[in-house]
Amino acid sequence: MTTVVDKLPFVDLKAQQKRIRKKLEEGVLRVLDHGEYILGPEVFELEERLKDFVGTKYCISCSNGTDALLMALMALGIGPGDAVFLPAFTFVATAEAVALVGARPVFIDVDERTFNMDPRSLRDVLLSHSPDLGIPKGIIPVDLFGQPADYLELSQIATEFNLFLISDAAQSFGGVYHGKRTCAFGDIATTSFFPAKPLGCYGDGGAIFCNDDLIAEKLLSIRVHGQGKHKYENIRLGINGRLDTIQAAVLIAKLEILEEELKARENIAERYSLRLEGGVVTPFIKPKRNSAWAQYSVLSPQRDLIIKKLSSVGIPTAIYYPLPLHVQEAFKYLGYRAGSLPVTERLCNEIFSLPMHPYLDELTQGRIVESVLGSIND
Ligand SMILES: *Cc1c(COP(=O)(O)O)cnc(C)c1O
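A brief structural summary. Only a predicted model underlies this, so the values are computations on that prediction, with no experimental measurement involved.

Quick word on the packing of aromatic side chains
The final tally for this structure, using the stated rule, is 16 aromatic pairs. For the pair Tyr-177 and Phe-185, a centre-to-centre distance of 5.2 Å together with 85° between the ring planes defines the contact as edge-to-face. For Phe-185, a relative accessible area of 12% translates into the label buried. An aromatic cluster is present here, built from Phe-89, Phe-91, Phe-115, Phe-145, Tyr-320 and Tyr-321 joined pairwise through their rings. In this arrangement the basic side chain of Lys-197 is found over the ring face of Phe-91, its NZ or CZ atom lying 5.9 Å from the centre.

Right, here's the structure in full:
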């Protein structure tokens, strides 16, 4: 028997908005009143708050998480002839930014339990890498679904091979690794404020974090068309990479409740795992890490059946990611074959994500869990 129910939201942004609506309105109205829509005071206030939250010397807000990666690569001078190593199991933006600056993305397989870049695979690929395919310059680990990557091991490899490390923390803002917040690792860390990320605005937004004075100076210049001492002096190539003042105002209001929301996500993830254990492969979080739980993703060889059953009772799911990057049409020119990154490929066939947001109530969650378990036992 199937009962028709109202479709649940996969991420409920409305519940959050209802909670902080007054603060949001006040913040946005303040921007309408002062009228500094580009690089207004809220942008700098947000940057101050974000860098205090993360614990870095600099935070440079920007237009989105993809531009954050692009700007980071530009600041490090990466371009044609260079090779940058990144996981094959990630959102396309990580590899896209590398290709856009003219460097070669080199795909690394991931750990089958954490879904993050596997340091052993990275070392193997680095040791057998032919410089004809680009001089190894850097690595971009991704904190997939919110869990911080293996920064200790990866930083060691970066030092050993003389590589930069950019941390793609687009999904992990608020996560913790060995007592420090994500975005505090690597030479540069980038994040995204896309609405559905753990900290999201009402449009596009992003931020870049670093501790180095020179890198920060370059990033500030790149953010405004490579400007020098003033707006119409251009000392390098840059982009239009600014965050809107209105979005900064939205983020200031949301940052205030982020820690509470992270705790709520943690509880929801724990409840899911407790009840789904045995039915599907539940997320594995390594010790000394807190995920920001951007997604709650599980594995099952019966994925397609489960998704279909859930959809028939109004429960949304998502597949992150159905296709590994190395077999995408856009990266065909790199010459990878299917079968070359086996863990990534298996994950793409078995993974799916369940509704996850801080306002998922226990009753609804119970219904989701029962539907998942029920569809396996059918
Ligand atoms: C979302 C995301 C990005 C890009 O962020 P946008 O703000 O959408 O440009 C980059 N990397 C990863 C891993 C992401 O999940």
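Focus: the site of the ligand
Near the ligand, the surroundings consist of 14 residues, among which Gly-65, Thr-66, Gln-171, Ser-192 and Lys-197 are the closest. Gly-65 has a polar backbone atom sitting 2.7 Å from an oxygen atom of the ligand. Residue Gln-171 places a side-chain N or O atom 2.7 Å away from an oxygen atom belonging to the ligand. The protein chains hide 93% of the 380 Å² of surface that the ligand would expose on its own. At the level of elements, helix H3 (65-75) and helix H4 (93-100) are the ones that each hand at least two residues to the shell around the ligand. Classifying every residue of the shell around the ligand gives 4 nonpolar, 8 polar and 2 charged.

Comments concerning the pairing of strand S2 (residues 82-87)
Among the 6 residues in S2, 6 count as buried, and that is most of the element. Neither face of S2 is exposed, since Asp-82, Val-84 and Leu-86 on one face and Ala-83, Phe-85 and Pro-87 on the opposite face are all buried. The pairing of S2 with strand S4 (residues 135-139) spans 4 bridges and is parallel. Bridging across to S4, Phe-85 finds its partner in Ile-139. Where S2 meets strand S3 (residues 104-108), 5 bridges bridge the pair, whose relative direction is parallel. Opposite Phe-85, over in S3, you have Val-106 as the bridge partner. Taken together, S2, H4 and S3 form a β-α-β motif whose crossover is right-handed.

Section: the nonpolar core
Soluble, globular proteins show a tendency: their nonpolar side chains are buried together. Counting 46 residues, the largest nonpolar core has Leu-50, Phe-85, Leu-122, Ile-139, Phe-173, Leu-199 and Phe-209 as the members making the most contacts within it. Per element, the largest residue contribution to this core is 6 residues, and it comes from helix H8 (residues 245-255). Membership of the second largest hydrophobic core comes to 34 residues, among which are Val-98, Ile-188, Leu-219 and Ile-239.

Remarks on the sheet that holds strand S6 (residues 176-177)
Taken in spatial order, the 3 strands make up an open sheet running S7-S6-S10, and their pairing is antiparallel. In this open sheet, the two edge strands, each paired with only one partner strand, are strand S7 (180-181) and strand S10 (289-290). As defined by bridge partners, S6 adjoins S10 across 2 bridges and the pair is classed as antiparallel. Across the sheet, Tyr-177 pairs through a bridge with Arg-289, a residue of S10.

Comments concerning the side chain of Gln-171
Following the sequence through the fold, Gln-171 ends up in the loop between strand S5 (164-168) and S6. Here Phe-145 takes part through its backbone nitrogen, which lies 2.6 Å from a polar atom of the side chain of Gln-171. When sequence neighbours within four positions are dropped, the list of residues in contact with Gln-171 reads Asp-143, Leu-144, Phe-145, Gly-146, Lys-197, Pro-198, Ala-292, Ala-294 and Tyr-321.

A word on H8
Of all the 11 residues making up H8, 10 are buried; the element is thus mostly covered by neighbouring parts of the structure. Listing the buried residues of H8 in full gives Thr-245, Gln-247, Ala-248, Ala-249, Val-250, Leu-251, Ile-252, Ala-253, Lys-254 and Leu-255. Each element contacted by the buried residues of H8 is listed here: helix H1 (13-34), helix H2 (41-54) and helix H9 (258-276).

What about the pattern of salt bridges?
Inspection of every chain in the model, using the stated rule, returns 20 salt bridges. Here Glu-45 makes a salt bridge to Arg-49, at a shortest N to O gap of 2.6 Å. Of this pair, Glu-45 and Arg-49 both sit in helix H2, 4 residues apart, roughly one helical turn. By relative accessible area, which is 34% here, Arg-49 ends up partly exposed. Each of Lys-23, Glu-45, Arg-49 and Glu-256 takes part in one network of salt bridges that share partners.

Some thoughts on the environment of Leu-347
Examined against the element boundaries, Leu-347 turns out to sit in helix H11 (residues 342-350). As a C-alpha pair, Leu-347 and Ile-215 span 132 residues in sequence and 36 Å in three-dimensional space. Sequence-distant contacts of Leu-347, defined by excluding residues within four places in its chain, comprise Phe-89, Val-110, Glu-112, Phe-115 and Leu-299.

So, a nonpolar patch on the surface
On the surface, Leu-29, Leu-32, Tyr-37 and Ile-38 cluster together into a nonpolar patch covering about 400 Å² of accessible area. Of note, Leu-32 is situated in helix H1. Its relative accessible area of 45% is what places Leu-32 among the partly exposed residues.

Calculation rules
Residues numbered from 1 in each chain as written. Predicted model: local features only at pLDDT ≥ 70, side-chain atom pairs only at ≥ 80, totals over all residues. Heavy atoms only, no water. Phe/Tyr/Trp six-rings, centres within 6.5 Å; stacked < 30°, edge-to-face > 60°. Buried < 20%, exposed > 50% of the residue type's maximum accessible area, 1.4 Å probe, protein only. Lys NZ or Arg CZ within 6 Å of the ring centre and 35° of its normal. Near = heavy atom within 4 Å. Polar contact = N/O pair within 3.5 Å; in protein donor to acceptor, adjacent residues only side chain to side chain. Areas by Shrake-Rupley, 256 points an atom, 1.4 Å probe, with all protein chains shown as cover. Helix = DSSP H or I, 4+ residues; strand = E, 2+ residues; numbered from the N terminus. Nonpolar A, V, L, I, M, F, W, Y, C, P; charged D, E, K, R; others polar. Pairing = 2+ DSSP bridges. Right-handed = clockwise from strand over helix to strand, strands pointing away. Core = buried A, V, L, I, M, F, W, Y, C linked by side-chain atoms within 4.5 Å. Contact = heavy atoms within 4.5 Å. Salt bridge = Lys/Arg side-chain N within 4 Å of Asp/Glu carboxyl O. Patch = residues over 30% accessible without salt bridge, like charges linked within 9 Å, V, L, I, M, F, W, Y side chains within 5 Å.

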